[in-house]
Amino acid sequence: MKTTNKILFEQHQPPVKEISDIIERAAVILVVSHLEPDGDALGTQLAVGTYLESLGKRVVRVRDGVIPEKYSFLKGADNIPTFEELKPSDKIDTAIILECPNVNRVGSGKQLLTEDTIIINIDHHRDNDVYGAVNWINTGASSVGEMLFEYFEAVDYKIDFDTAEQLYTAILTDTGRFRYKSTTQRTLEIAGKLVGTGIDSQMICDTVYYNLRPSSMILTGKVLNGIEFYENNQICALTLTNKMLEEAKAERSESDGFVDFTLFNRGVTVGLFFKEVDESTTKVSLRSKNGINVSAIASQFGGGGHFNAAGCQLDLPLEKAREKMLQIVKEVLNG
Ligand SMILES: [Mn+2]
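The rules behind each value
Residues numbered from 1 in each chain as written. Predicted model: local features only at pLDDT ≥ 70, side-chain atom pairs only at ≥ 80, totals over all residues. Heavy atoms only, no water. Pairing = 2+ DSSP bridges. Helix = DSSP H or I, 4+ residues; strand = E, 2+ residues; numbered from the N terminus. Axes fitted to C-alpha atoms, helices over the stretch in contact; angles between N-to-C directions. Contact = heavy atoms within 4.5 Å. Donors = N, O, S within 2.8 Å, 3.2 Å for Na, K, Ca; no water. Buried < 20%, exposed > 50% of the residue type's maximum accessible area, 1.4 Å probe, protein only. Domains from an automatic or database assignment. Buried area = accessible area lost by both parts, 1.4 Å probe. Salt bridge = Lys/Arg side-chain N within 4 Å of Asp/Glu carboxyl O. Polar contact = N/O pair within 3.5 Å; in protein donor to acceptor, adjacent residues only side chain to side chain.

### Structural notes on the sheet that holds strand β4 (residues 118–123)
If you trace the 5 strands from one edge of the open sheet to the other, you get β2-β1-β3-β4-β5, paired in parallel fashion. Where the open sheet ends on each side, the last strands, each with one partner, are β2 (58–61) and β5 (134–137). Neighbour to neighbour, the strand axes of the sheet diverge by 15 degrees on average, direction disregarded. In terms of strand pairing, strand β3 (residues 94–98) meets β4 through 5 bridges, oriented parallel. Paired with Ile97 across the two strands is Asn121, which belongs to β4. Contacts from helix α2 (residues 16–25) reach β1 (28–32), β3, β4 and β5, with the element oriented near 140 degrees to β4.

### Description of the coordination of the manganese ion
Binding of the manganese ion to the protein goes through Asp40 (OD), Glu99 (OE), His124 (NE2) and Asp174 (OD), at separations of 2.1 to 2.2 Å. When the donors of the manganese ion are listed by position in the chain, the intervening gaps give D-x58-E-x24-H-x49-D. Taken together, the residues span a long stretch of sequence, with Glu99 in the loop between β3 and β4 and Asp174 in helix α5 (residues 161–174) at a distance of 75 residues. Under the relative-accessibility criterion, Asp174 is labelled buried at 15%.

### As for the sheet that holds strand β7 (residues 235–240)
Within the open sheet, the 6 strands sit side by side as β6-β7-β8-β9-β11-β10. Their pairing is mixed. Both edges of this open sheet fall to β6 (228–230) and β10 (304–305), since each of them pairs with a single strand only. The sheet strands contacting helix α8 (residues 214–225) are β7 and β8 (270–278), and the helix crosses β7 at an angle near 130 degrees. Those strands touched by helix α11 (residues 318–333) are β6, β7, β8, β9 (281–288) and β11 (309–314), and its axis lies near 160 degrees from that of β8.

### Focus on the domain arrangement of the protein
The domain boundaries assigned to the protein delineate domain 1 (7–208) and domain 2 (214–333). Computed over C-alpha atoms only, the centres of domain 1 and domain 2 are separated by 27 Å. Contacts between the two partners involve 9 residues from domain 1 and, on the opposite side, 10 residues from domain 2. Counting each side, the surface lost to burial between domain 1 and domain 2 is near 850 Å², with a carbon and sulfur contribution of 41%. A per-residue breakdown of the area domain 1 buries against domain 2 is headed by His125, Arg126 and Asp127, which together make up 37% of the total. Counting across the interface, domain 1 meets domain 2 through 2 salt bridges. Among the salt bridges present, the one from Lys70 reaches Asp256, with a minimum N-O distance of 3.9 Å. Linking domain 1 with domain 2 are 3 residue pairs in polar contact (both at pLDDT 80 or more).

Pasting the structure below:
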């Protein structure tokens, strides 16, 4: 990675002065993360909102997408309006955008941004296009949750119980329960400090991972039943159809995380999870082991993400989308 990029994309130390100067001058601050929020997006959005309110700032929160039920234990999780539900507020002058490699990832909340909104961009995605007045990007961080802990420590902000739960959930989910390579010594130190505040780490893990509705287990069975392997078991594919959702009486958000099953299998290098949206649209989650960069594959379809975890949407019906994606992955593997 070029030096300039290295400095820009691996900022282990928070740019405290730049960020706190902007916050100090701000009157009304929008705090937003990516659409279809996951644990890192939601946990950090909630934690930043509380922090800013502790400084006496007026905060506007907005979301795009359903908050998965497994996160509803987090304080404030059920209190983030959609753009449509948002009550008019005084003019937003500043926005803290979390976990978004580009502004489009914000979703409908993007409409709250104007030309002169001062943006603080905090992210750990390698394909971040540096859209903020201040850009704090650390691709070496396991999660934005970990980055925020560093910022809060640097500004001596005391992390309370609720914030500790929010940051711990962000880190736990973005590290795949501390399994991904992104889990560093520092990640575990921070997780340890968060547990030290008295949060119940088992309760959090159980609520997020071991608290499924029967419909989710039925859906899991249906999807796993269709498991497929290609290229001498190097590729594992799972598929979710709308018919399966109907039969299991399940919601789409209940399939969150299913893609992880693809890497459970010995010898698999690339895992694909196809989700039928409608007759002409298919979403794909990609995971990889070893040196296969799935964010490069996803970006061919306007998607993106991390080296070993990415997503994209194909404007193709399920069967065509599967054919297309499998062909590309095979080419990459046989490169
Ligand atoms: Mn993240």
